[in-house]
Amino acid sequence: MFKHLFKMIWNKKKQNSLLIVEILLSFLVIFAVFTFGLNSYNNYAKPMGIDYQNVWAISYNNTLKTNNGDSLKLFYDNMVDNIKAMPKVIDAAHTSANIPFSTSHMSTGLTHNGDHIQDVNSFMVDENYPKTLNVKLLDGRWYNKTDVGSKQKVIVINNKLKERMFGKASAIGKLYNDDDGKKGVKIIGVLDDIKFNGDYQSLEYAIYNRIDTSSYRWLGKILVKVSPDANAAFESQLYKFMANNLKDSNIEIEHLTNKLTAYNKFTLVPLIILSIVAAFLIINVALGIFGVLWYNINKRRGEIGLRRAVGAPGSSVSAQLVSEAMILATLSLIVGAFFAVQFPLLNVFDLPASVYLLAMLLAVIFIYLLVLVCSLYPGKQASAILPAVALHEE
Amino acid sequence: MIKLQNIQKVYRTDTIETLALNGINLDVAKGEFLSIMGPSGCGKSTLLNIMGLLDEPSKGNISIAEQPTGKFNDKQLAKFRNQKLGFIFQSYHLIGDLQVIDNVELPLLYRDTTAKERRRLATEALEKVGLSNRIKHFPKQLSGGQRQRVAIARAIVGNPEIILADEPTGNLDSAMGNEIMEILLQLNRVDGTTIVMVTHDENMAQKTHRLVRLFDGSQVQ
Amino acid sequence: MLKNYFKIAIAVLKRRKFFTFLSLFGISFTIIILMVMTAFIDKVVNDTYPDKKRDRSLYINKMELRGKESMNGGAPSYYFLKHYVGSMKTPVKFAISSGFNSTNTYVNNRKIVINYKYTNADYWEVLDYKFSEGKPLTKQQIDNAEKVAVITEDMKKEYFGDSGTVLGKYIEADNVKYRICGVVKTLPITSYLFYADVYLPITVTKTNLMSDKGYMGNFTAIVLAANTGDVPKMKKEFDGIMAKVPIPGKEWDHVYSHADSYIQGYLRTGNETNSGMLYAITAVTLFALFVMLLPTLNLVNVNITRIMERSSEIGVRKAFGASSFTLVYQFIVENLILTFLGGLIGIVLSLVAMYVINSANLIANLNLELNFTVLFYTVITCIVFGLLSGVYPAWRMSKLNVVTALKAQ
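What counts and what doesn't
- All chains use their own residue numbering, which begins from 1 and follows the written sequence.
- As they are written, the chains are lettered A onward and the ligands numbered 1 onward, keeping that order.
- Given that this is a predicted model, residues contribute local features only at a pLDDT of at least 70 and side-chain atom pairs are listed and counted only at 80 or more, while totals for whole chains, interfaces and linings are drawn from all residues.
- Strands are runs of DSSP state E lasting at least 2 residues, helices are runs of H or I lasting at least 4, and numbering of each runs from the N terminus.
- Residues are defined as contacting one another if the C-beta atoms placed from their backbone atoms lie within 7 Å.
- DSSP bridges decide pairing: two strands pair if at least two such bridges lie between them.
- Working convention: axes come from line fits to C-alpha atoms, limited for helices to the stretch in contact. Angles between N-to-C directions cover 0 to 180 degrees.
- Note that Gly is not counted as nonpolar here; it falls among the polar residues with everything else outside the nonpolar set of Ala, Val, Leu, Ile, Met, Phe, Trp, Tyr, Cys and Pro and the charged set of Asp, Glu, Lys and Arg.
- Working rule for handedness: look at the near helix, and if it is turned counterclockwise from the far one by less than a right angle, call the crossing left-handed; if clockwise, right-handed.
- In this description, a nonpolar core means buried residues of the types Ala, Val, Leu, Ile, Met, Phe, Trp, Tyr and Cys, linked to one another by C-beta atoms lying within 7 Å.
- Comment: burial labels come from other C-beta atoms within 10 Å of the residue's own C-beta, placed from the backbone, where a count of 20 or more is buried, 12 or fewer is exposed, and between is partly exposed.
- Regarding the arc, it is the one traced by the directions from the helix axis to the C-beta atoms.
- UniProt positions are given in the numbering used here, feature names are shortened, and annotations may be inferred rather than shown by experiment.
- Note that domain bounds follow an automatic or database assignment of domains.

Some thoughts on the overall build of chain A
A count of helical and extended segments in chain A gives twelve helices and eleven strands. Expressed along its principal axes, the backbone C-alpha trace of chain A runs to roughly 105 × 50 × 30 Å. The long-range fraction of contacts in chain A, counting pairs at least 24 apart against all pairs at least 6 apart in sequence, stands at 83%.

Spelled out as structure tokens, the structure:
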């Protein structure tokens, strides 16, 4: 029976080729949407790594006239201490401009055992950073006073980087060379991964440098963890405090929750637009498949009548038509899968292979369901054809 | 008027060759009403299609109205058919989406005729076949005989020298068939139109000037 | 002839209503997507508020330093603009403004985010902001470093509520109080060269602008020619200046900046090797093709199905003297009629879509609208669509053998 169906499709390959191309393209569209969606969901399902609620980010620019690192450090440390002493502040930390959910990025590279790792996010943070953001230290220790003035350059890395470099083994005490020419940087701690690009973006490699006295000249962010009852009145108080301390500076206070919402839009808006467009395309294709099948069945009334006349039951006729459509879909999917499988093979877009494969599986199921739904009604209609009537028309 | 010389038509598929026409020689004089008869599958429709330049012979020469047609390209063929030939088919082949008058006007669309002139000629042709009261109807609102009369009006509207009719009465009962036959005979008698008709019906064939019988692609009489 | 085709086209449309719905759905949906996209692009690049004198202006908004190992791209500095661009002879006006910066202000325990921008006096003469109250900043105010500001209508509403005039009132930004001397219509953020909530005199900046002699900064210049004919001359003069600008350091071997037309400047990435223009055009074309591909295929499919249904008609037309060419022509005309019908529905639906997008306020103050440019592109799209989806089926149709076509019934 299967061979018989296949023969029928093959003999009509010219009529069917357009339909096959259409199904193939829909498959690719669906595959793209599912890949994008699944990847975003996978990222969304991972924990954020920090408590961003009630964390504010103060932006300023250093307007002090002095270039002396020690006096700058003294000034800014003092300022953070004063902020911490404010009633509704729980903690505060200096950092470089690339705070979580900001569009500012700094990246570097490093070499470990001949393995050169690129696109490592580089952060400048102080001792209060983990407490302010409530991020977990997985292994080793965080920076403390003993690191001041130490000759050995020490570093804290994130978990993703640790797994790339050492797998399951411990990273503590290990050394690597950084791209700026420093040899033998020593890892002292492993920090939990932070999704600093928002809910839907993937985790990235990161290293956390300790702020040294020479960096204060160009640092411009302070993260402040406040208590839940901190309101706009308190915020304006904090603003006044900053403005009075840094007379000529431009001051801005942002909330990490707002920054996260804004950042998520970068992922969600394209996904939503893509989904709307894809949905319309698919409706279009579904109606097209439905129409062509329906027309074919009307045209083949004679053939169907004959099949009924030689003893095929109605269910078998409709099953035949549905199966024909499914074989067409299978042909398209084989070609489509060939294209789709190139993505994990060539590692386009650097997504995990599992995402591609799952997206492919879902897309295959989706297309089969679509074709099934589109062919059920025409098939049912065909089974209702009475042999005598159909043959008489012929 | 029509001159066929040694016409041969072979249908080829991957495996079989079928000889549909085998060395047909036929002369149709101007003003003649010729009928072609023969059993199913003897090649009579193929012969008519070849005369109408709808199909090409595998071998042989055709000339119509003193013009050899072998070297015509698509455009020339179309123009020639448009001006010299009119067709009538067994199943009428009226365009269901068009009203009677528009159906009749069809051949004139492919000439340089003004809309007004088209309308006038089409009305005239419909008068000739006695259907001037059905101008605005659609084909499906007409009986079989009426439909065939519309088809005849369409065939004569361009004032062709030759009309080719493929079993024009085949789908009609004998009363209606006779009606159609009368119209064709009158066209031949009054306007002097050359007519070639394929038919199954011995009675109809007897009313024409000459009868050609085909059997298995060859002329037997 | 055309009237006849029209009749046939309408009759065919009426016959298989499902297929008609299918075709029209595909066409109108494609038109919606393409129209909304065109309207958006048109709004972003073709809206001449506030730069009405765009045809006389060149924009200098990107600066790039390139060395063997590294590159640095961004906006030019005040020093660079003042020192080099300021020496140009051709321009009659020379507007300088900073990029917008954010700060907060707190009114009645409410936080307001303020994006502010520093401007020079020429800025207000080159650009034609629409004032609902007051006047632009004057040269005298700017020269005297007066603490005055022009604010937008949105900012007025947010800061002062629905009160009457705000001229002479004070707005606080960055802990400084500015007297309001004008209120202008708000711009969408997509006009990033002109967007801000509060416009301030360039002389009230807290830092000394000329002290930093680097080329990279946060400023944009617009140079205005006396007439459109002088624009190429102005461009040439700028390129001449750029050729002589000294390389600012050993690590660099090239310094690039351009006096661009608005669109070039808008799309410039600040990276010589990546043409923003090329990216934008490629992306838009690919998207449009992608969106059109499936509906076109669908339409081709439906058209072929429909043609096969009309084989008798084709046979008859051929028998009565229609050449293949005439048939192709007929079918394409029919298909164009169909596409234009779909286009008409598409336009109506796009209006609905634009209304929804505008009221959803996806981008504040960006109001998509239907204008002649958009309409023109829609008509072009319809024609392309009609031809694309009509040519192949028409060709198939004209190749149909008369004898088989007549037999098929």
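Looking at the sheet that holds strand 7 (residues 162-166) of chain B
Residues and elements named next belong to chain B. One open sheet holds the six strands; their spatial order is 6-7-8-3-9-10, and the pairing between them is mixed. Every other strand in the sheet has two partners, leaving strand 6 (85-88) and strand 10 (218-219) as the edge strands with one partner each. Examined bridge by bridge, strand 3 (residues 33-37) and strand 9 (residues 210-215) share four bridges and lie parallel to one another. Its bridge partner being in strand 9, Met37 is matched across the sheet by Arg213. Contacting strand 3, strand 7, strand 8 (194-198) and strand 9, helix 1 (residues 44-51) runs over the sheet at an angle of about 150° to strand 8. Strands strand 6 and strand 7 of the sheet are contacted by helix 5 (residues 144-157), whose axis makes an angle of about 170° with strand 6.

Observations regarding the interface of chain B and chain C
Counting residues at the interface gives 22 residues for chain B, matched by 24 residues for chain C. The set of elements that each furnish at least two residues to the side of chain B that touches chain C consists of helix 2 (74-84) and helix 3 (100-109) of chain B. A per-class count over the side of chain B that touches chain C returns ten nonpolar, five polar and seven charged.

Some details on the packing of helix 2 (residues 17-46) of chain C against helix 12 (residues 372-398) of chain C
Two quantities define a packed helix pair, namely the angle between the helix axes and the distance between the axes. All names here are of chain C. Their axes nearest at 9 Å, the elements helix 2 and helix 12 cross at an angle of 145°. The interaxial crossing formed by helix 2 with helix 12 has right-handed handedness. Residue-level contacts link Ile27, Thr30, Ile31, Leu34, Met35, Thr38, Ala39, Asp42 and Asn46 of helix 2 to Thr373, Val374, Tyr377, Thr378, Thr381 and Phe385 of helix 12. Partitioned by chemical class, the residues of the contact of helix 2 with helix 12 number eight nonpolar, six polar and one charged.

Observations concerning the interface of chain A and chain C
Chain A puts 28 residues into the contact, and the matching count from chain C is 29 residues. For the side of chain A that touches chain C, the secondary structure elements donating two or more residues are helix 2 (13-45), helix 6 (232-245), strand 11 (252-255) and helix 7 (256-299) of chain A. With ten residues, helix 7 of chain A is the single largest residue contributor to the side of chain A that touches chain C. Within the side of chain A that touches chain C, the residues separate by chemical class into 17 nonpolar, seven polar and four charged.

Observations regarding the nonpolar core
Counting residues in each nonpolar core, the largest one holds 77 residues, and the members touching the most others are Ile36, Val104, Ala125, Ala153, Leu164 and Val196 of chain B. With seven residues, the single largest contributor to this core is helix 5 of chain B. Residues in contact with Ala125 of chain B, not counting those within four places in the same chain, are Val104, Ala153, Ile156 and Val157 of chain B. Listed in part, the 56 residues of the second largest apolar core include Leu65, Ile222, Ala225 and Ala259 of chain C.

Description of helix 8 (residues 301-309) of chain A
Residue and element names in this part refer to chain A. Those residues of helix 8 that fall on the buried side of the exposure criterion are Ile304, Gly305 and Arg308. In an axial view of helix 8, the angular spread of the buried residues amounts to 100°, which keeps them on one side of the axis. Remark: Gly311 follows helix 8 within two positions and exhibits a positive phi of approximately 110°.

Regarding the UniProt feature "domain: MacB-like periplasmic core" (unreviewed entry) in chain A
UniProt records the feature "domain: MacB-like periplasmic core" (unreviewed entry) at residues 23-235 of chain A, using the numbering of this structure. The distance separating the terminal C-alpha atoms of residues 23-235 of chain A is 57 Å; by composition the span is 26% helix and 28% strand.

As for the domain arrangement of chain A
All names here are of chain A. As far as domains go, chain A holds domain 1 (2-45 + 262-393) and domain 2 (61-250). Each of domain 1 and domain 2 has a C-alpha centre, and these two points are 52 Å apart. With seven residues of domain 1 at the contact, the number on the domain 2 side is eight residues. With four residues, helix 7 is the largest single contributor of residues to the side of domain 1 that touches domain 2. Residue composition of the side of domain 1 that touches domain 2, grouped by class: three nonpolar, four polar and no charged.

Considering the UniProt feature "transmembrane region" (unreviewed entry) in chain A
Residues and elements named next belong to chain A. UniProt marks residues 20-38, 268-296, 317-341 and 353-377 with the feature "transmembrane region" (unreviewed entry), using the numbering shown here. Between the first and last C-alpha atoms of residues 20-38 the distance is 26 Å; the span itself is 100% helix and 0% strand. The straight-line gap between the two end C-alpha atoms of residues 317-341 is 35 Å; of that span, 96% is helix and 0% is strand.

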